[in-house]
Amino acid sequence: MCEVIKFEIKRFIKNRLFFLMGFIIMMGIVISNPILDNQLWADNFAVSDFVNNMRMISIIFLPIAVAAMLKENKSEGLENLLFTQPISKISYAMGKYLTIVLLAFFWICCALIAYILMPLYFKSYPYDWVLFIKWTLVVVVPILLLYIAVLSYLYMKTNSVIIIFITSFFITLMSEKVPFTFDYIMKNKFFNQIYWSIDKDVYSILIMNRLFTLGVAALALMLYLREYVLEKVNKNSKNIISLASAKLSCWISNIFGNQFKMLTPHMIPILSIFVLSAFYSYITNDYTTWSFTKYSLQLLPAFFICHAISEVYENDREGILFTSSTPIFKQMKKRIKWGIMFSQITIFILFAIAIYIGLEIGWSKWIITSINSLFLSTIGLTMANLFKKSMAGYASVILYWGLCLVGGSKLAEKMWLISISMNTEIYYKTIWESLSVMSLISCILYILNIFYIGKKEKPYKDILISIPIGLIAVLVISLPWISDENKRTYAVFNQNQLTVIESNNYKLYYSREIPKETAIDTLKQWEFIQEKYKPYLNESKLKYTCVYAKEGTQTVNEDTLLLEYRYLKELNPPKFGFGDNYSKLTTIILNECGLNKVESPILEGWLEYMKYKVAIKDLYDIHSEEYLAKYYPDYLNPSYHKYFIEKIKQQDSSAYISSYILYYIEQNYSKDVIAQIFEDVGNSENNLNTDNLREIFLKYTNEDKTVNEKFDELTIKMNSGGFKYEIPLRKIY
């Protein structure tokens, strides 16, 4: 087994896959690191971020690594090693499995060391290495063992890197639907629960979860070993998926011609995965699942056309295909045509259904997805043709797509011209400049591929025809942003560029990149919520001018509130995950009144109480029922408010205990008492701990015994561990 591991490691290094894995892992760490935002996170939050990054990055590189490891290549001497060494087939298969584990673990350790040392950039001490190692072993390693085993088994069954890549994403997506005990991915909600909760049961759940994950990994490993041995015993045996795909391929090729026959064996299972995922989101009406499916659909054409010519070289069929009277580049064009046609028809149908059932609000996202997918597919086709390997095309597409996914909005807004996620995550505007540039790049790459593949056959006529068609397509896509109103205007702010709107004595300045409808809604919400809070706050500290702009903007007037957003997707309508300014407005209003002198869990509870108990219940005062049903369906549900009151009464966290104290005072005294307490807190010159707050509360409640008992419980909860709800930062000296 050791000989197999040594041999496979050498093969990985020789094929540069070893360095590709390292590049993906290290780039993911660099892109998502808080240093780019000039922040230094506290140790607990930093390790949570690191573990989450490793989970996401593993999804990207593990399918490529598994496929490369299990793909037999006689020219590299693998079978010679097998038959000249006293190695059993199980040991040989196990050696391959352990090689992937060791290589992945090596690069994760490198990333871990780099992440631990990053505080040195701020001239601070490194992160706690014991904490990082502990949670890497607890969270990341079991996930690695599980994913590698499952993907290895699937590859032996399907022999398709595309299928295992897509499957790995949907396995991850399905973890959102399982209880904590069986959440094999340990998503953020689980990991944060360990830190934010003091409940000892969470650790017993953690142990059960990891044992369950390792048990599933062991089962998958046994299935992989069994499949590997059986596959070697009978190489000519066909699995059910292969037989079904081949039969359906023959049926389709009889209808559409033999040119399509080379693509359908790959198309059928891949299309099935996308369609099943989409229909799952339709049935559950789950926008999160649809959002992920929609982003994944950008890969569909690339999977179908990357291997248009490279598969000929890989299967040694040049002598058959390239000796026909039809030029090679025309054969490539025909294959690309069929691949794009069927993939785009699939995308169109899935979007049409999504629009019909209300998951999409228009056809713009279909246009964006189609253009982005063609951009990715031409990149993959170019790389596959250059290296004459389909894997090179798939890897380049997956790498680009994956980096955009891991980098998120931070990366998207920095490379917006060629970002495939920028337009997919923004719902109030389409950045046509980006689509125009990607369309132009796609046309150029397509023409270059024709020239490269057909350079011996002089395809000048086809190139001359393709150029004007491509230019016309790019021009049509470019038309919407010719006017000044549609041009990209964000990332630069000053007071002179802000637009102002007014309502009564409230005045809101907002930047041009914010849609006017959003600004009007924000002004309406701000006026409503501040008027609701007036009986609880010192009115002399309230402000009536607000600047709504990007994070980092500085106001020129102390009497101005600053409502900030970090990324453009935060301007989306609430239905699509953002756009709910009630939490932000509550926070800045209470902070301006001095309530930010209170510790985070307590302040979090006060913010939640003011938002849900005081303001949200009366949204009918400013929004129509139709508007609420469209954008705030949760707030429209009467049980939503009852649920919050029940959570307050359960008092299962520090924040809910602090909310309950306010609830108890308002029920047994009056809102005037809360106003007096808030005024004392706001007038304090120093930060206040629980003992300071206890004194203030007892002063205005005549030493109420219940209030005193609740502060005892609050103190115990807060002293039991766990970090605060806000992102905890170290101080930078």
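Residues numbered from 1 in each chain as written. Predicted model: local features only at pLDDT ≥ 70, side-chain atom pairs only at ≥ 80, totals over all residues. Heavy atoms only, no water.

Observations concerning the overall build of the protein chain
So, step 1. What the protein chain contains, in helices and strands, is 31 helices and four strands.
So, step 2. Sequence separation of 24 or more characterises 71% of the internal contacts of the protein chain that already satisfy a separation of 6 or more.
So, step 3. Of the roughly 33,600 Å² of accessible surface on the protein chain, 60% is carried by carbon and sulfur atoms. (Helix = DSSP H or I, 4+ residues; strand = E, 2+ residues; numbered from the N terminus. Contact = heavy atoms within 4.5 Å. Areas by Shrake-Rupley, 256 points an atom, 1.4 Å probe, with all protein chains shown as cover.)

A word on helix α30 (residues 690–700)
So, step 1. For α30, the full list of buried residues reads Thr690, Leu693, Arg694, Ile696, Phe697 and Leu698.
So, step 2. At the N-terminal end of α30, a side-chain oxygen is found 3.1 Å from the backbone nitrogen of aspartate 691, two or three residues along, and the residue is asparagine 689.
So, step 3. One or two residues past the end of α30 sits asparagine 702, with phi positive at roughly 55°. (Buried < 20%, exposed > 50% of the residue type's maximum accessible area, 1.4 Å probe, protein only. Polar contact = N/O pair within 3.5 Å; in protein donor to acceptor, adjacent residues only side chain to side chain.)

Re the pairing of strand β3 (residues 545–550)
So, step 1. Of all six residues that make up β3, five are buried, and the element is covered over most of its length.
So, step 2. Pairing of strand β2 (residues 506–510) with β3, which is carried by four bridges, proceeds in the parallel orientation. Each residue of the ladder has a partner; that of lysine 507, found in β3, is threonine 545.
So, step 3. One crossover worth recording links β2 to the parallel β3 by way of helix α22 (residues 516–533), and it is left-handed. (Pairing = 2+ DSSP bridges. Right-handed = clockwise from strand over helix to strand, strands pointing away.)

Focus: the pattern of salt bridges
So, step 1. Following the criterion strictly, the structure yields nine salt bridges and no others.
So, step 2. The salt bridge involving glutamate 413 is made with lysine 550; its shortest N-O contact spans 2.5 Å. A residue pair is termed long-range when its members are at least 10 positions apart, and glutamate 413 in helix α18 (residues 390–414) and lysine 550 in strand β3 qualify at 137 residues.
So, step 3. The exposure class assigned to glutamate 413 is buried, which follows from its relative accessible area of 12%.
So, step 4. Notably, a salt bridge pairs lysine 543 with glutamate 592, separated by 2.8 Å at the nearest N-O pair. Of this pair, lysine 543 sits in the loop between α22 and β3 while glutamate 592 sits in helix α23 (residues 582–592); the two residues are 49 residues apart in sequence, bridging distant segments of the chain. (Salt bridge = Lys/Arg side-chain N within 4 Å of Asp/Glu carboxyl O.)

Looking at the packing of aromatic side chains
So, step 1. The full count for this structure, using the stated rule, is 24 aromatic pairs.
So, step 2. Summarising the aromatic geometry, the rings of phenylalanine 106 and tryptophan 107 are spaced 5.4 Å apart at their centres and angled 75° between planes, so their arrangement reads as edge-to-face.
So, step 3. These aromatic residues form a ring-pair network of at least three members: Phe50, Tyr115, Tyr127 and Phe132. (Phe/Tyr/Trp six-rings, centres within 6.5 Å; stacked < 30°, edge-to-face > 60°.)

Concerning the nonpolar core
So, step 1. One finds Phe50, Met54, Leu62, Phe132, Tyr224, Trp290 and Ile420 to be the most contacted residues of the largest nonpolar core, which totals 132 residues.
So, step 2. No other element matches helix α3 (residues 43–70), which puts 18 residues into this core.
So, step 3. Tyrosine 224 has contacts with Leu70, Ala93, Lys96, Tyr97, Ala149, Ser152, Tyr153 and Met156, leaving out every residue within four places of it along the chain.
So, step 4. If you look at the next biggest cluster of nonpolar residues, it comprises 63 residues, including Cys546, Ile588, Ile602 and Leu607. (Core = buried A, V, L, I, M, F, W, Y, C linked by side-chain atoms within 4.5 Å.)

A few points about the sheet that holds β3
So, step 1. Within the open sheet, the four strands sit side by side as β1-β2-β3-β4. Their pairing is mixed. Of all the strands in the sheet, just β1 (499–503) and β4 (560–565) have a single pairing partner and so form its edges. Between one strand axis and the next, the sheet turns through 20° on average, direction left out of account.
So, step 2. With five bridges joining them, β1 and β2 adopt antiparallel strand pairing. In the sheet register, threonine 499 faces β2, and the bridge partner there is tyrosine 510.
So, step 3. Taken strand by strand, α22 contacts β1, β2, β3 and β4, and its axis lies near 145° from that of β2. (Axes fitted to C-alpha atoms, helices over the stretch in contact; angles between N-to-C directions.)

What to know about the side chain of serine 511
So, step 1. As for its placement among the helices and strands, serine 511 is situated in the loop between β2 and α22.
So, step 2. The exposure class of serine 511 is buried, given its relative accessible area of 2%.
So, step 3. A polar atom in the side chain of serine 511 sits 3.4 Å from the side chain of tyrosine 565.

A short note on the confidence of the model for the protein chain
Low-confidence regions, as indicated by low pLDDT, have predicted coordinates that should not be scrutinised in detail.
So, step 1. Averaged over every residue, the pLDDT of the protein chain is 76; the share at 70 or more is 75%.
So, step 2. The weakest mean pLDDT in the protein chain belongs to helix α10 (residues 240–256) at 50; the strongest belongs to helix α17 (residues 364–387) at 90.
So, step 3. Taken together, the stretch residues 251–256 has pLDDT below 50 and engages in eight contacts with residues farther than four places along the chain or on a different chain.
So, step 4. Within the model, the stretch residues 484–495 combines pLDDT values under 50 with 31 contacts to residues more than four positions away or in other chains. (pLDDT = per-residue confidence, 0-100.)

Let's talk about α3
So, step 1. With 28 residues, α3 ought to run about 40 Å at 1.5 Å a step, and its terminal C-alpha atoms sit 39 Å apart, in line with that.
So, step 2. Along α3, the helix axis deviates most sharply at serine 58, where the bend reaches about 35°.
So, step 3. In terms of residue burial, α3 counts as a mostly covered element, since 26 of its 28 residues are buried. (Expected span 1.5 Å × (residues − 1). Bend = angle between axes of the 7 residues up to and from the residue.)

Topic: unusual backbone geometry
Peptide bonds are trans in most cases, and residues, glycine excluded, mostly fall at negative phi.
So, step 1. At lysine 388, a position not held by glycine, the phi torsion is positive, near 55°.
So, step 2. With respect to the element layout, lysine 388 can be found in the loop between α17 and α18.
So, step 3. On the accessibility criterion, lysine 388 (40% relative accessible area) is partly exposed.
So, step 4. We note that glutamate 703 has phi near 55°; this positive angle belongs to a residue other than glycine.
So, step 5. Within the secondary structure, glutamate 703 is located in the loop between α30 and α31 (705–718).

Re a nonpolar patch on the surface
So, step 1. On the surface, Leu440, Ile444, Leu448, Leu464, Ile467 and Leu471 cluster together into a nonpolar patch covering about 550 Å² of accessible area.
So, step 2. Relative to the assigned elements, leucine 471 resides in helix α21 (residues 460–478).
So, step 3. The exposed category is assigned to leucine 471, whose relative accessible area is 51%. (Patch = residues over 30% accessible without salt bridge, like charges linked within 9 Å, V, L, I, M, F, W, Y side chains within 5 Å.)

Considerations on the environment of valine 500
So, step 1. Secondary-structure assignment places valine 500 in strand β1.
So, step 2. Beyond its immediate sequence surroundings of up to four residues, valine 500 is in contact with Lys507, Leu508 and Tyr509.

What about the side chain of threonine 136?
So, step 1. Position of threonine 136 relative to the elements: it lies in helix α6 (residues 129–158).
So, step 2. Look past the residues within four positions of threonine 136 in its chain and what remains in contact with it is Phe50, Ile108, Leu112 and Val141.

Overview of the packing of α22 against α23
So, step 1. Contact pair α22 / α23: the axes reach a minimum separation of 10 Å and the direction vectors enclose 50°. One finds that α22 runs oblique with respect to α23. The hand of the α22/α23 crossing is right-handed. Of the residues in α23, those touching α22 at Thr522, Gln525, Trp526, Phe528, Ile529, Gln530 and Tyr533 are Tyr582, Leu585, Thr586, Ile589 and Leu590. (Parallel < 35°, antiparallel > 145°, perpendicular 65-115°, else oblique. Left-handed = near helix turned anticlockwise from the far one by under 90°.)

Some thoughts on the packing of α17 against helix α20 (residues 432–453)
So, step 1. Between α17 and α20, the shortest axis-to-axis distance is 9 Å and the interhelical angle comes to 30°. Considered as vectors, α17 and α20 are oriented roughly parallel to each other. Handedness of the crossing formed by α17 with α20: left-handed. On α20, the residues touching Ile368, Ile371, Asn372, Leu374, Phe375, Thr378, Ile379, Leu381, Thr382, Asn385 and Leu386 of α17 are Leu435, Met438, Ser439, Ile441, Ser442, Leu445, Asn449, Tyr452 and Ile453.
So, step 2. Residues of the contact of α17 with α20, tallied by class, amount to 13 nonpolar, seven polar and no charged. (Nonpolar A, V, L, I, M, F, W, Y, C, P; charged D, E, K, R; others polar.)

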